[in-house]
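These are the residues of each chain, in order.
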Amino acid sequence: MTAPTLPTGISIRTRFADTDPEAILKLHQEVYASEYGYGPAFFHYVEEGLEEFSRRFDPASDGCWLCEHNGTIVGSLILMHREPHVYQLRFFVLSPAFRGKGLGHVLLRQGFDFLSAQNARAVFLWTTAEQHTAAALYRKYGFILTAEKETVSMGKTLKEQKYERRLS
């Protein structure tokens, strides 16, 4: 796969700041409320996950990639260590205005470079069946759907999906 390039006007920051959880939550609210009708239960779930990441963040074993445009976060991807050499991909979201420019590929490529440097054995993520475009991107990067479950935990009935990828 050819190395993707960063779109003009976008910078990627890998240092996690105290104000980032609020900005990432706001981006999730903007995207998921308007595009999928997700409500307060989903946003509470995201907020709890961001709080967990903030508490547990270890720059030696966790990674974050925050896309900024004019000082505003317009995309994110976080890799949290879960057990030795196993990571969870979380908070992968892009503002609609910045989609279709290869930014998702840039984030995933940088994330996989990080996983390689960490000698990771596996990476997994949870998403919902509604996320067709994201799922296609995950499959392109070698993720395999390994589990599905119905839930109402996000304020509406959804099918949650777990994707995993083994790494060498």
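These figures come from a predicted structure and were not determined experimentally. (Residues numbered from 1 in each chain as written. Predicted model: local features only at pLDDT ≥ 70, side-chain atom pairs only at ≥ 80, totals over all residues. Heavy atoms only, no water.)

Asks: Please provide a residue-by-residue account of the pairing of strand E5 (residues 122–128), values included.
Replies: Burial of E5 is extensive: 6 of the 7 residues sit out of reach of the surface. One ladder, built from 3 bridges, connects strand E4 (residues 86–94) with E5; its direction is parallel. Directly across from Tyr-87, in E5, lies its bridge partner Val-123. After leaving E4, the chain enters helix H3 (residues 103–117) and then returns to the sheet as E5, a path that is right-handed. As defined by bridge partners, E5 adjoins strand E7 (residues 158–166) across 7 bridges and the pair is classed as antiparallel. (Buried < 20%, exposed > 50% of the residue type's maximum accessible area, 1.4 Å probe, protein only. Helix = DSSP H or I, 4+ residues; strand = E, 2+ residues; numbered from the N terminus. Pairing = 2+ DSSP bridges. Right-handed = clockwise from strand over helix to strand, strands pointing away.)

Asks: For the packing of helix H1 (residues 20–36) against helix H2 (residues 40–56), give the residues involved together with the corresponding values.
Replies: The interhelical angle for the contact between H1 and H2, taken along N-to-C directions, is 155°, at an axis separation of 10 Å. Relative to H2, H1 is oriented roughly antiparallel. Two packed elements cross with a definite hand, and for H1 against H2 that hand is right-handed. Packed against H1, whose contacting residues are Pro-21, Ile-24, Leu-25, His-28, Gln-29, Tyr-32 and Ala-33, the element H2 presents Phe-42, Phe-43, Val-46, Glu-47, Leu-50 and Ser-54 at the interface. Across the contact of H1 with H2, the residue classes tally to 9 nonpolar, 3 polar and 1 charged. (Axes fitted to C-alpha atoms, helices over the stretch in contact; angles between N-to-C directions. Parallel < 35°, antiparallel > 145°, perpendicular 65-115°, else oblique. Left-handed = near helix turned anticlockwise from the far one by under 90°. Contact = heavy atoms within 4.5 Å. Nonpolar A, V, L, I, M, F, W, Y, C, P; charged D, E, K, R; others polar.)

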